[in-house]
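# Coordinate analysis (summary)
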Amino acid sequence: MATTEKSDNLGDGIPRISILGVKVNRVDMTGTLDAITRFIASGTANMIVTADASMIAMAQDDADLKNIINEADLVTPDGSGIVKGAKILGTPLAQRVSGVDLAREMCRMSAEQGFSIYFLGAEPGVADAAAQNLSRTYPGMKIAGTHDGYFTPDRDSEIASLVKASGAQALLVAMGIPRQEKFIKRYMHDMGVCVAMGVGGSFDVFSGKVKRAPKWFQDHGLEWAYRLCKDPSKIKKVSVLPKFLMMVYKERLLGK
Ligand code: UDP
């Protein structure tokens, strides 16, 4: 069989599959939220990756990114491309668990459970607007701090120190793939957070800067088409999807 399916040592026994050598957990939203509750209670650093087709394609040429995903404590299937790829390989996934939905759910959990979240990323002012909007939706949600994502890599350690000083228990990083994943991997054990996750363009959506695709597009696996119409510069990211599916078909044929 082209894919492996085994129990995950790190993700609390959540089963996982492999697509093009990249781990993806077979997990739904409820299972992911349960894992987050356990991560927060663990008191140690845990990394969640929300993997979409573009990330898995990118990981084929970026060994560092591939290792980061494979070593993550939980990898959720973010996007219809991954769900489709898993189906082609005969190891279907439960459902899509996108970064934007998960980030929102984490904010709801923060209000219910009392853990604090740091918002790092996006253009100046956007993370703060996103956090404020979400705290209006989820009164009682705890914002540990916010910072934009436009700083040079030589300031990474300084920014990680800010997160640590904030006392945040959870960290959302919206700086794009793979910068956000590499930042989290490098500093997760220095920041004092129990859970850290890259969330791509989510802060732009929460702040109101960018409108999310209507539900119909999401339900029909066409969110990418909506985004492309709204922002033609996304063509590079979207054009990876057919390439990804070709690679998946090849993996199924060659059985590796
Ligand atoms: N971004 C950032 N720092 C950078 C480059 C990008 O904070 O140096 C932000 C950008 O403003 C946007 C997010 O990262 O909010 C990336 O969004 P995109 O939809 O491109 O995410 P991806 O496709 O990588 O998931």
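Everything here concerns the structure above.
Here's what I pulled together on the structure shown here. Since this is a predicted model, take the numbers as computed values, not measurements. Here the residue index of a chain counts from 1 through its sequence in written order. Local features in this predicted model are restricted to residues of pLDDT 70 or higher, and side-chain atom pairs are both shown and tallied only at a pLDDT of 80 or more, whereas totals for entire chains, interfaces and linings draw on every residue. Hydrogens are left out, water is left out, and the side-chain values use all remaining heavy atoms of the structure.

## Considerations on the packing of aromatic side chains
To pair, rings of Phe, Tyr and Trp, with the six-membered ring standing in for Trp, must have centres within 6.5 Å; the planes then decide the type, stacked if under 30 degrees apart, edge-to-face if over 60, and tilted in the middle. Applying the stated rule across the entire model yields five aromatic pairs. Taken together through their ring pairs, the aromatic side chains of Phe-151, Phe-183 and Tyr-187 make up a single cluster. The side chain of Arg-186 reaches across the aromatic face of Tyr-187, ending 4.6 Å from its centre. In this scheme, the term charge over a ring applies when either NZ of a lysine or CZ of an arginine sits within 6 Å of the ring centre and within 35 degrees of the ring normal.

## Quick notes on the side chain of Asp-204
In DSSP terms, a helix is any run of H or I states spanning at least four residues, a strand is any run of E spanning at least two, and both are numbered starting from the N terminus. Structurally, Asp-204 is set in helix α9 (residues 202-207). We call two residues in contact whenever any of their non-hydrogen atoms come within 4.5 Å of each other. Once residues within four sequence positions are removed from consideration, Asp-204 is found in contact with Ala-122, Val-126, Lys-209 and Val-210.

## Some thoughts on the site of the ligand
What makes a residue near a molecule or strand is one non-hydrogen atom of that residue sitting within 4 Å of it. With respect to spatial proximity, 14 residues lie near the ligand, and among them Gly-149, Tyr-150, Asp-204, Lys-234 and Lys-237 are the closest. Under this definition, polar contacts are N or O atom pairs within 3.5 Å; protein pairs additionally need one hydrogen-donor-capable and one acceptor-capable atom, and for neighbouring residues in sequence, both atoms have to be side-chain atoms. Measuring from an oxygen atom of the ligand, one finds a backbone N or O atom of Ala-174 at 3.2 Å. One of the side-chain N or O atoms of Lys-234 is found 2.8 Å from an oxygen atom in the ligand. In this description, accessible areas are obtained by the Shrake-Rupley approach with a 1.4 Å probe, and a residue is regarded as covered only by the protein chains that are shown. Out of a free accessible area of 550 Å², the ligand has 74% covered by protein chains. The residue classification treats Ala, Val, Leu, Ile, Met, Phe, Trp, Tyr, Cys and Pro as nonpolar and Asp, Glu, Lys and Arg as charged. All others, Gly included, are polar. Grouping the amino acids of the shell around the ligand by side-chain chemistry returns five nonpolar, five polar and four charged.

## Quick notes on the nonpolar core
Working definition of a nonpolar core: buried Ala, Val, Leu, Ile, Met, Phe, Trp, Tyr and Cys residues. They are joined through side-chain atoms within 4.5 Å. For the exposure calls, accessible area comes from a 1.4 Å probe over protein chains only, and a residue counts as buried if that area is under 20% of its type's maximum, exposed if over 50%, partly exposed in between. Counting 43 residues, the largest nonpolar core has Ile-19 and Leu-171 as the members making the most contacts within it. When near neighbours in sequence (up to four residues on either side) are disregarded, Leu-171 contacts Tyr-118, Leu-120, Val-163, Met-191, Val-193, Val-195, Ala-196 and Met-197. Listed in part, the 37 residues of the second largest apolar core include Leu-74, Met-106, Val-126 and Val-199.

## Observations concerning the pattern of salt bridges
When a carboxyl oxygen of Asp or Glu lies within 4 Å of a side-chain nitrogen of Lys or Arg, that pair is called a salt bridge. Tallied over the full model, the rule gives 16 salt bridges. The residue Arg-96 makes a salt bridge to Glu-223 at a minimum N-O spacing of 3.0 Å. In this pair, Arg-96 sits in the loop between α4 (80-88) and α5 (99-113) while Glu-223 sits in helix α11 (residues 223-230), placing the two residues 127 residues apart along the sequence. Residue classification places Glu-223 among the buried positions, given a relative accessible area of 6%. Residues Asp-219 and Lys-215 are paired through a salt bridge, measuring 2.8 Å at the closest nitrogen-oxygen approach.

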